[in-house]
Amino acid sequence: MTRTHLPFGDKRDSAFYGTDIVSVSQFDKDDLDYIFEVAHEMRNMVARIGAFDLLKGKLLANLFYEPSTRTSSSFTAAMERLGGGVISINEVRYSSVSKGESLPDTVRTLERYADVIVLRHPDVGATALAARYTTKPIINAGDGVGEHPTQALLDLFTIREELGDVDGLTVTMVGDLKYGRTVHSLAKLLSGFDVNLQFVSPDILPMPDDILAGLDESGAPYEQLNSLDSVIAGTDVLYVTRVQRERFDDEADYDRVKNEFVIDTDTLTAAKQRMIVMHPLPRVNEITMEVDDDPRAAYFRQMEYGMYVRMALLAMVLGKA
Ligand code: CP
């Protein structure tokens, strides 16, 4: 996608107007620059005036079939800071889904009330499916072990805001790389940059073959490892993920690997001073709380960057950026 518009016009001919956000694969580098330009402007606007009326009169439907704290509440915060309103269905068991309503019918219902739908669902491909049944823009907030594109966008924005240029960095992803949809989306997104990727995981939780095949196709260099020791000193971004108990069929497998990688202050002793520790959160044990006091711990700042990126995305798909 290419565009020439600057932020905050009423640009209904914007390439993003009415666009579904399903996968990071739909964005090229110009798109990313544009999203981050708008997100950066949103950050400045929030710092200056807190909230403004760019999306006054617009409604967002937050439809979550899986639990969420950050994605759900940051989309709500983003919409409300832009002057819009939110319909929240955060527990679908209290909705007509519990009576057997299908996903297509649920989104066909919500599009009658709202201007944009944000969907989290346990099935890979659910957002793409739902998008076929609604004319309103729909945003993937996580589809099972598939993708979490807005998380990857906020992750990349975090890296840019914290470290400047993305090219030349070594990004080390550690933890559950098999079921972690955030690392799937981020690896895809980073493959368009000149980065060095290191994947560190328990033996039963490697990065999936389809993601590795995509990296091979794009020529992005990567290494798969089972220890952090040899890579921590050269790492610029340490991206830690939770081992996702809810994705395991066998609890014994989860117990065997859940604490295999724990980032603590000793880990950071070996790391660069100018590096950042990221995590999509929630965390369980994989980063100790002592690390929170280290300025390199970027994971709480990362959540806030997410609100600015989601403000930008909402403004764009609704034709206001
Ligand atoms: N990072 C993330 O997706 O967090 P939530 O599950 O709390 O939305």
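Below, the structure is looked at part by part. (Residues numbered from 1 in each chain as written. Predicted model: local features only at pLDDT ≥ 70, side-chain atom pairs only at ≥ 80, totals over all residues. Heavy atoms only, no water.)

1. Observations concerning the overall build of the protein chain
The number of helices and strands found in the protein chain is 10 helices and nine strands. For 321 residues, the compact-globule estimate of 2.2 N^0.38 gives 20 Å, and the protein chain sits close to it at 19 Å. Dimensions along the principal axes, computed over C-alpha positions, put the protein chain at roughly 55 × 45 × 40 Å. Summing over all exposed atoms, the protein chain offers an accessible surface of approximately 13,500 Å²; the carbon and sulfur share of this is 47%. Between the centroid of the 33 positive side chains of the protein chain and the centroid of its 50 negative side chains there is a distance of 7 Å. (Helix = DSSP H or I, 4+ residues; strand = E, 2+ residues; numbered from the N terminus. Rg over C-alpha atoms; globule rule 2.2 N^0.38 Å. Areas by Shrake-Rupley, 256 points an atom, 1.4 Å probe, with all protein chains shown as cover. Lys, Arg positive; Asp, Glu negative; His and termini not counted. Charge placed at Lys NZ, Arg CZ, Asp CG, Glu CD.)

2. Overview of the sheet that holds strand β7 (residues 222–225)
The strands that make up a sheet are held in pairs by hydrogen bonds between backbone atoms, and each pair lies either parallel or antiparallel. With respect to topology, five strands assemble into an open sheet ordered β7-β6-β5-β8-β9, the strand pairing being parallel. Each edge of the open sheet is held by one strand with a lone partner, namely β7 and β9 (276–278). Taking each pair of neighbouring strands and ignoring which way they run, the sheet shows an average axis angle of 15 degrees. Here four bridges tie strand β6 (residues 196–200) to β7, and the two strands are oriented parallel to one another. Bridge pairing in β7 places V200 opposite L225. Together, β8 (237–240) and β9 form the strand contacts of helix α5 (residues 149–163), whose direction differs from that of β9 by roughly 165 degrees. Running over the sheet, helix α6 (residues 181–190) touches β5 (170–174), β6 and β8 and is turned about 160 degrees from β5. (Pairing = 2+ DSSP bridges. Axes fitted to C-alpha atoms, helices over the stretch in contact; angles between N-to-C directions. Contact = heavy atoms within 4.5 Å.)

3. What about the site of the ligand?
Around the ligand, a shell composed of S68, T69, R70, T71, R120, H148, Q151, P280 and L281 is seen. At 2.7 Å, a side-chain N or O of T71 approaches an oxygen atom of the ligand. Within the complex, 91% of the 250 Å² of free accessible area of the ligand lies under protein. Mapped onto the domain boundaries, the shell around the ligand takes at least three residues apiece from domain 1 (24–148 + 306–317) and domain 2 (149–303). (Near = heavy atom within 4 Å. Polar contact = N/O pair within 3.5 Å; in protein donor to acceptor, adjacent residues only side chain to side chain. Domains from an automatic or database assignment.)

4. Section: the packing of helix α2 (residues 70–81) against helix α10 (residues 299–317)
Axis separation between α2 and α10 bottoms out at 8 Å; the angle between their running directions is 55 degrees. Here α2 is positioned oblique relative to α10, judged by the angle of their axes. Regarding α2 and α10, the two cross each other, and that crossing is right-handed. Every residue of α10 that contacts α2 at R70, T71, S74, F75, A77, A78, M79 and R81 is listed here: M303, M307, R310, M311 and L314. When the residues that make up the contact of α2 with α10 are grouped by side-chain class, the tally is eight nonpolar, two polar and three charged. (Parallel < 35°, antiparallel > 145°, perpendicular 65-115°, else oblique. Left-handed = near helix turned anticlockwise from the far one by under 90°. Nonpolar A, V, L, I, M, F, W, Y, C, P; charged D, E, K, R; others polar.)

5. Observations regarding α2
Taking 1.5 Å per residue, 12 residues should reach 16 Å; α2 reaches 16 Å between its end C-alpha atoms and fits that length. Three or more residues of α2 are buried, namely T71, S72, S74, F75, T76, A78 and M79. Buried-residue contacts for α2 involve β1 (59–64), β2 (85–89), β3 (116–121), β4 (138–143), α5 and α10. Directly after α2, the chain includes G83, whose backbone phi takes a positive value near 85 degrees. (Expected span 1.5 Å × (residues − 1). Buried < 20%, exposed > 50% of the residue type's maximum accessible area, 1.4 Å probe, protein only.)

6. Remarks on the pattern of salt bridges
A full pass over the atoms with the stated rule returns 14 salt bridges. Across the pair R43 and E161 runs a salt bridge, and its minimum N-O distance is 2.6 Å. Of this pair, R43 sits in helix α1 (residues 29–49) while E161 is found in helix α5, placing the two residues 118 residues apart along the sequence. On the basis of relative accessible area, E161 is assigned to the partly exposed category, the value being 25%. (Salt bridge = Lys/Arg side-chain N within 4 Å of Asp/Glu carboxyl O.)

7. Quick notes on the packing of α1 against α10
Between α1 and α10, the shortest axis-to-axis distance is 8 Å and the interhelical angle comes to 115 degrees. Taken together, α1 and α10 sit at an angle that is classed as roughly perpendicular. As α1 packs across α10, the resulting crossing turns out to be right-handed. On α10, the residues that touch Y34, I35, V38, A39, M42, R43 and V46 of α1 are Y305, M307, Y308, V309, M311, A312, L313, A315 and M316. A class-by-class count of the residues in the contact of α1 with α10 yields 15 nonpolar, no polar and one charged.

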